[in-house]
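# Remarks on the overall topology
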Amino acid sequence: MSEETGAPGAGEAERAADAPGPDETESTRLSVKAAGAFPGATVLGGLLPGGDVPRERPRQALDRGSLDDFYARADHVLIADMVESGARVLDVGCGDGSLLALLARRRGVDGRGIELSRQNVGECLAKGLAVIQGDADTDLADYPDDAFDYVILSQTIQATRRPRWVLEHMLRIGRRAIVTFPNFGHWRVRIELGLKGRMPVTDNLPYSWYDTPNIHFCTIRDFVSLCREVGAGMERAVALDASGQPVRVNLPWWAWNLLGDQGVFLLRRGG
Amino acid sequence: MLSARRITEEARIQADEPASPVMRFGADAPLAMDAGVALAPWQIAYQTYGSLNAERSNAVLICHALTGDQHVANVHPVTGKPGWWETLIGPGKPIDTDRFFVICANVLGGCMGTTGPASTNPETGQAYGLDFPLVTIGDMVRAQAMLVDRLGIESLFAVVGGSMGGMQVLQWAATYPERVFAALPIATGARHSAQNIAFHEVGRQAVMADPDWRGGRYLDHGVRPHKGLAVARMGAHVTYLSESALHRKFGRRLQDRAAPTFSFDADFQIESYLRHQGISFVERFDANSYLYVTRAMDYFDLAAEHGGALAGAFRGARTRFCVISFTSDWLFPTSDSRAIVHALNAAAAPVSFVEIESDKGHDAFLLEEPGLFGTIRGFVEAAARARGIA
């Protein structure tokens, strides 16, 4: 169909020939990496070869809202506790929009998202979320200063090409930044690397080294020093254990770095 | 199958007495045009589908592209072809006429019943021709707004359009932000690029170089600049496709022959195809309308109306936007859509953006490309929930 109302154009033949196919699955850095990032999975599952531990909790909730909340990821719930009600929030690498939806329900935020996968963006749109198909590594530069109260980077920083650049822009765009990431200093990872001499493949890090979207792993200590380098102040820092629960006891950084499966940081501009 | 001559005659009738409903505006309701003219009397031809709900909250305005018209989801009265977006609009379709009241109007300057250069000038009894004032996208939208007023609709649920239709969507959102709940600008830009103006100029020069154009007064002489307009259409048509789509569809294949004829016959399938495109277009479209509507696109620069900053056009906008582009569209490339998204972000407007994978070029917006209709359906459904439309 050409750009007109009638003539038999190329498109008209196409229309007949190309039945709407299933949306192609896009392998994307910002979405794929979240697949294994469910902290509720069993601690040792990923260490055992072939251990078939379910990686995801049930996703289809019967009733939106309360059941969605019940099944919400632990790190998402923690983030929701950090965000003030009615805030303006940008979720960078927002996946299927479940965190934004949770924040809208629980905190009444005015939420926006950036997501690399078109399919995920489509799911977000169907949830009524305002999400842009884009790449955190480039598109953050397009946002004006102080556009948001919070900019969130959940389980995504390790998949960016320029983590420092991304963090700096987050702190420019938002008054506060929330970053969560898998801790490469966790004891399980250290066992894999230190004792077995292999790149770790665990529940939280399910990819082989050659096809992982996660190209910039860091430990909790590494991230703390990056925060210092970019002059970010730490308002809250939480280590989640492998079951997704905060490591409650007050421990020195090195211990958190060993026990924390994930790091969750609430940052503000200026140390 | 209507003969070409019959189609041309039918098209001529449509300019003044269209097959669709017409809203007529007299001397008491002139249209204030950007050219500085108060146009009166004038008329706007439109189609509607579905029904307006009691709250008058479910109206969707579809804006057509350069050579489209109001017959978006019904059989075309001149060509007998299906509506140009009937895959998207209809009962149970992504823009569901069982739920929404869909309106589509022929643009100002068009030739399917809205006042334009092919319409009869009441002062002379002849077609306006070049006496018709130059038209802008803003004029088109102002005319549509007056139609929507007459239909008793204060606020539109959605304004949807691709290409030049997308320009109208942006203009609507900028001019009447409180009247647009949701906006879907597809395969479009906030301004016409130099390259696009260049292509349009080539097309216009082809029309004007045809001796039968007669300085724009061809209808008085009972002739039409068919050759010039067909060439314009052929050139423009190439810009709606993509290299890979052309290669896939035609390659270097020959048309009904085993070997080249060593002549300027349409040896190649692509030549034959383009000639057909040109010929079938001129049967139904007025050459002067083509000049006017291409010019309207050239003049479009939404940022210029707001001190050069596009974000200024959307300041304080509460309209929810869904911007869509296509990977192989080189007429309105993704960068044009991203510029719109960038401005909407700067204006803190709720905006979503999707780039659809397609090798079908600019025309992809008219096709049922994987991902396109699902995206539109998801966005429209969520917006309808937010507006409380059953």
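Residues numbered from 1 in each chain as written. Chains lettered and ligands numbered in written order. Predicted model: local features only at pLDDT ≥ 70, side-chain atom pairs only at ≥ 80, totals over all residues. Heavy atoms only, no water.

### A short note on the overall build of chain A
Keep this limit in mind: Each helix corresponds to a stretch of at least 4 residues labelled H or I by DSSP, and each strand to a stretch of at least 2 residues labelled E; elements are numbered beginning at the N terminus. Working definition: with a 1.4 Å probe on protein chains only, accessible area under 20% of the residue-type maximum means buried, over 50% means exposed, and in between means partly exposed. Method for areas: the Shrake-Rupley scheme with a 1.4 Å probe, in which residue coverage is limited to the protein chains shown.
The secondary structure content of chain A amounts to eleven helices and seven strands. When burial is assessed residue by residue, chain A has 56% of its 271 residues classed as buried. Accessible surface, chain A: about 11400 Å² in total, of which carbon and sulfur atoms supply 54%.

### Things to note about empty space enclosed by the protein
Defined as follows: Space inside and on the surface of the protein is sampled on a 1 Å grid over the protein atoms alone, with a cavity defined as a set of points where a 1.4 Å probe fits but cannot get out and a pocket as an open set with protein on both sides within 12 Å along at least 5 of 7 lines; lining residues have an atom within 4 Å of a point. Grid points are joined across faces, edges and corners, and a volume is the space filled by probe spheres set on the points. Under this grouping Gly is polar, as are all residues other than the nonpolar Ala, Val, Leu, Ile, Met, Phe, Trp, Tyr, Cys and Pro and the charged Asp, Glu, Lys and Arg.
Taken as a whole, this structure holds eleven cavities of 30 Å³ or more when the rule is applied. Estimated volume of the largest cavity: approximately 80 Å³. Looking at the largest cavity, the residues that line it are Ile132, Asp139, Asp142 and Tyr143 of chain A together with Arg338, Val341, His342 and Asn345 of chain B. Here the element with the most residues in the lining of the largest cavity is helix 9 (residues 334-346) of chain B; it accounts for four residues. Residues of the lining of the largest cavity, tallied by class, amount to three nonpolar, two polar and three charged.

### Quick look at the nonpolar core
What counts is decided by this rule: In this text, buried Ala, Val, Leu, Ile, Met, Phe, Trp, Tyr and Cys residues form a nonpolar core when linked through side-chain atoms within 4.5 Å. Each domain's extent was defined by an automatic or database domain assignment. Note on definitions: a residue-residue contact is assigned when non-hydrogen atoms from the two residues lie within 4.5 Å.
Among the nonpolar cores identified, the biggest contains 120 residues, and Phe223 and Leu267 of chain A together with Trp172 and Phe314 of chain B are the most heavily contacted of them. Per-element accounting of this core gives the leading share, eight residues, to helix 2 (residues 137-150) of chain B. When residues of this core are assigned to domains, at least three map to each of domain 1 (4-193 + 301-387) and domain 2 (197-294) of chain B. Ignoring sequence-local partners within four residues, the contact set of Phe314 of chain B consists of Leu170, Ala173, Leu302, Phe321, Ala343, Leu344 and Ala347 of chain B. Counting 62 residues, the second-largest nonpolar core is a separate cluster that includes Leu100 and Val121 of chain A together with Ile89 and Ile376 of chain B.

### Considerations on the UniProt feature "binding site: substrate" (unreviewed entry) in chain B
Residue and element names in this part refer to chain B. The cut-off we apply is this: UniProt positions are given in the numbering used here, feature names are shortened, and annotations may be inferred rather than shown by experiment.
Here, the residues flagged by UniProt with the feature "binding site: substrate" (unreviewed entry) are Arg233 and Asp363. Despite a sequence span of 131 residues, these residues sit close together in the fold, their greatest C-alpha distance being 14.0 Å. Within the secondary structure, Arg233 sits in helix 5 (residues 226-240). Judged by its relative accessible area of 0%, Arg233 is buried. Tracing the chain through its elements places Asp363 in the loop between strand 12 (351-356) and helix 10 (372-387). Residue class for Asp363 comes out buried when judged on its relative accessible area of 2%.

### Looking at the pattern of salt bridges
Operational definition: When a carboxyl oxygen of Asp or Glu is within 4 Å of a side-chain nitrogen of Lys or Arg, the pair counts as a salt bridge.
Inspection of the entire model under this criterion finds 31 salt bridges over all chains. One salt bridge in this structure joins Glu229 of chain A and Arg164 of chain A, with 3.0 Å as the shortest N-O distance. Remark: Arg164 of chain A occurs in helix 8 (residues 163-173) and Glu229 of chain A occurs in helix 10 (residues 220-229); sequence separation between them is 65 residues. Put simply, Asp265 of chain B and Arg257 of chain B hold a salt bridge, and the shortest N to O gap is 3.8 Å. Exposure remark for Asp265 of chain B: the relative accessible area of 42% places this residue in the partly exposed category.

### Structural notes on the state of the cysteines
All names here are of chain A. Inclusion rule: Counting rule for disulfides: a pair of cysteine sulfur atoms within 2.5 Å.
Overall, the coordinates contain zero disulfides over all chains when judged by the stated rule. Not engaged in a disulfide, the cysteine Cys94 finds its nearest cysteine sulfur in Cys124; these two sulfurs lie 4.1 Å apart. No disulfide involves Cys218; its sulfur sits 9.1 Å from that of Cys227, the nearest cysteine. Under the relative-accessibility criterion, Cys218 is labelled buried at 16%.

### Regarding helix 8 (residues 287-299) of chain B
Residue and element names in this part refer to chain B. The cut-off we apply is this: The span you would expect from a helix comes to 1.5 Å times its residue count less one. N or O atoms within 3.5 Å of each other form a polar contact, as long as, within protein, one can give a hydrogen and the other can take it, and as long as residues adjacent in sequence are counted only when both atoms are side-chain atoms.
Helix length check: helix 8, at 13 residues, gives a terminal C-alpha distance of 19 Å against a target of 18 Å (1.5 Å per residue), a fit within 8%. Burial within helix 8 is extensive, with eleven of its 13 residues counted as buried. Every buried residue of helix 8 is listed here: Ala287, Asn288, Ser289, Tyr290, Leu291, Tyr292, Val293, Thr294, Ala296, Met297 and Asp298. Its side-chain oxygen 3.2 Å from the backbone nitrogen of Asn288, Asp286 forms the N-cap of helix 8.

### Some thoughts on the UniProt feature "active site" (unreviewed entry) in chain B
Residue and element names in this part refer to chain B. When the UniProt feature table is mapped onto this chain, "active site" (unreviewed entry) is found at Ser163, Asp329 and His362. Maximum C-alpha separation among the annotated residues is 10.6 Å over a sequence range of 200 residues, consistent with a single clustered spot. Its place among the elements puts Ser163 in the loop between strand 9 (156-162) and helix 3 (164-175). On the accessibility criterion, Ser163 (1% relative accessible area) is buried. Counting through the fold element by element, His362 comes out in the loop between strand 12 and helix 10.

### Re a nonpolar patch on the surface
All names here are of chain A. The following threshold applies: Residues qualify for a patch when their relative accessible area is over 30% and they have no salt bridge, like charges being joined within 9 Å and the nonpolar side chains of Val, Leu, Ile, Met, Phe, Trp and Tyr within 5 Å.
On the surface, Trp187, Ile191, Leu195 and Leu259 cluster together to form a nonpolar patch covering roughly 370 Å² of accessible area. With three residues, the single largest contributor to the nonpolar patch is helix 9 (residues 187-195). Locating Ile191 in the fold gives a position in helix 9.

### Let's talk about helix 10 of chain A
Each turn of an α-helix holds 3.6 residues, which means side chains three or four residues apart point in the same direction. Residues and elements named next belong to chain A. The following threshold applies: The arc in question is traced by the directions running from the helix axis to the C-beta atoms.
Those residues of helix 10 not exposed but buried are Ile220, Phe223, Val224, Leu226 and Cys227. Looking down the long axis of helix 10, one finds its buried residues gathered within 160° of arc, a one-sided arrangement. Residues of helix 10 that are exposed and point over 90 degrees away from its buried face: Arg228 and Glu229. Buried residues in helix 10 make contact with helix 8, strand 5 (174-182), strand 6 (232-240), helix 11 (253-259) and strand 7 (262-269). Within two residues after helix 10, Gly231 carries a phi angle of roughly 70°, on the positive side.

### A few points about the environment of Thr202 of chain A
Residue and element names in this part refer to chain A. Take Thr202: it is sitting in the loop between helix 9 and helix 10. You can call Thr202 buried: its relative accessible area is 2%. Spatially, the C-alpha atom of Thr202 lies 8.1 Å from that of Arg188, the residues being 14 residues apart in sequence.

### Examining unusual backbone geometry
Residue and element names in this part refer to chain B. Following Ala40, the chain continues to Pro41 via a peptide bond in cis, the omega torsion being -10°. By the secondary structure assignment, Pro41 is in the loop between strand 3 (38-39) and strand 4 (42-49). Backbone geometry places Ser163, a non-glycine residue, at a positive phi of 60°. Of note, Phe262 is a non-glycine position whose phi angle comes to about 55°, a positive value. The topology assignment puts Phe262 in the loop between helix 6 (243-249) and helix 7 (269-284). Its relative accessible area of 82% is what places Phe262 among the exposed residues.

### Topic: the side chain of Asp210 of chain B
All names here are of chain B. Under the convention used in this document: Residues scored as positive are Lys and Arg, those scored as negative are Asp and Glu, and His as well as the terminal groups of each chain are ignored.
Mapped onto the fold, Asp210 is located in the loop between helix 4 (194-209) and helix 5. Buried and without a salt bridge, Asp210 has Lys227 as its closest oppositely charged side chain, separated by 6.9 Å. Among all residues touching Asp210, those that are not within four sequence positions of it are Pro225, His226, Lys227 and Gly228.

### Topic: the pairing of strand 5 (residues 59-63) of chain B
All names here are of chain B. For clarity, the threshold we go by: A pair of strands counts as paired when DSSP detects no fewer than two bridges linking them.
Along strand 5, five of the five residues are buried, which leaves the element largely enclosed by surrounding structure. Burial of the side chains of strand 5 extends over both faces: Ala59, Leu61 and Cys63 are buried on one face and Val60 and Ile62 on the other. Pairing of strand 5 with strand 9 involves four bridges; the strand directions are parallel. Of the residues in strand 9, the one forming a bridge with Cys63 is Gly161.

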